[in-house]
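# Residue-level structure breakdown
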Amino acid sequence: MSMVPMMAAGVGHVLRAARTRGLDVGRLEAISAVAERAVARGHGGHDWSSTVEAVRGA
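Chains are numbered independently. Their residues run from 1 in the order of the written sequence. Where local features are concerned, this predicted model is filtered to residues with pLDDT of at least 70; where side-chain atom pairs are given and counted, the filter is 80 or more; whole-chain, interface and lining totals use all residues. To get the side-chain values, all heavy atoms of the structure are used, and hydrogens and water are removed first.

### A short note on the environment of Gly44
- Within the fold, Gly44 resides in the loop between helix H2 (26–43) and helix H3 (51–56).
- In this structure, the C-alpha to C-alpha distance between Gly44 and Met6, residues 38 residues apart in sequence, is 8.9 Å.
- In this description, contact between two residues means that some pair of their heavy atoms is separated by no more than 4.5 Å. Sequence-distant contacts of Gly44, defined by excluding residues within four places in its chain, comprise Met3, Val4, Pro5, Ala38 and Val39. A run of DSSP states H or I qualifies as a helix once it reaches four residues; a run of E qualifies as a strand once it reaches two. Both are numbered from the N-terminal end.

Okay, here's the thing in structure tokens:
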């Protein structure tokens, strides 16, 4: 099972690489923000499906 912080780190790597290449990173930034919000709200030990709580504001 993958945890949110590990997946957020992966998104961060892709985001930095995309920025370096001048690609549109709007969606990646949104995904990164949701992952960071999920971790901040205590979902760091959960899998990616827990990010729905961060989107909902729970």
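### Looking at the side chain of His43
- Relative to the elements of secondary structure, His43 occurs in helix H2.
- Sequence-distant contacts of His43, defined by excluding residues within four places in its chain, comprise Val4, Ala38, Ser50 and Glu53.

### Topic: the pattern of salt bridges
- Salt bridges, as used here, are contacts in which a Lys or Arg side-chain nitrogen is within 4 Å of a carboxyl oxygen on Asp or Glu. Overall, the coordinates contain two salt bridges when judged by the stated rule.
- In this structure, Arg19 and Glu29 form a salt bridge, with 2.8 Å as the shortest nitrogen-oxygen distance. Separated by ten residues along the polypeptide, Arg19 in helix H1 (residues 4–20) and Glu29 in helix H2 bring together distant segments of the chain.
- With a closest N to O distance of 3.4 Å, Glu53 and Arg56 form a salt bridge. One end of the pair is Glu53 and the other is Arg56, both in helix H3 and three residues apart, which spans about a single turn.

### Quick word on the confidence of the model for the protein chain
- Known as pLDDT, the predictor's confidence for each residue is given on a scale from 0 to 100. Scored by pLDDT, the protein chain has a mean of 89; 97% of the residues are at 70 or more.
- Of all the helices and strands in the protein chain, H3 carries the lowest mean pLDDT, 85, while H1 carries the highest, 93.

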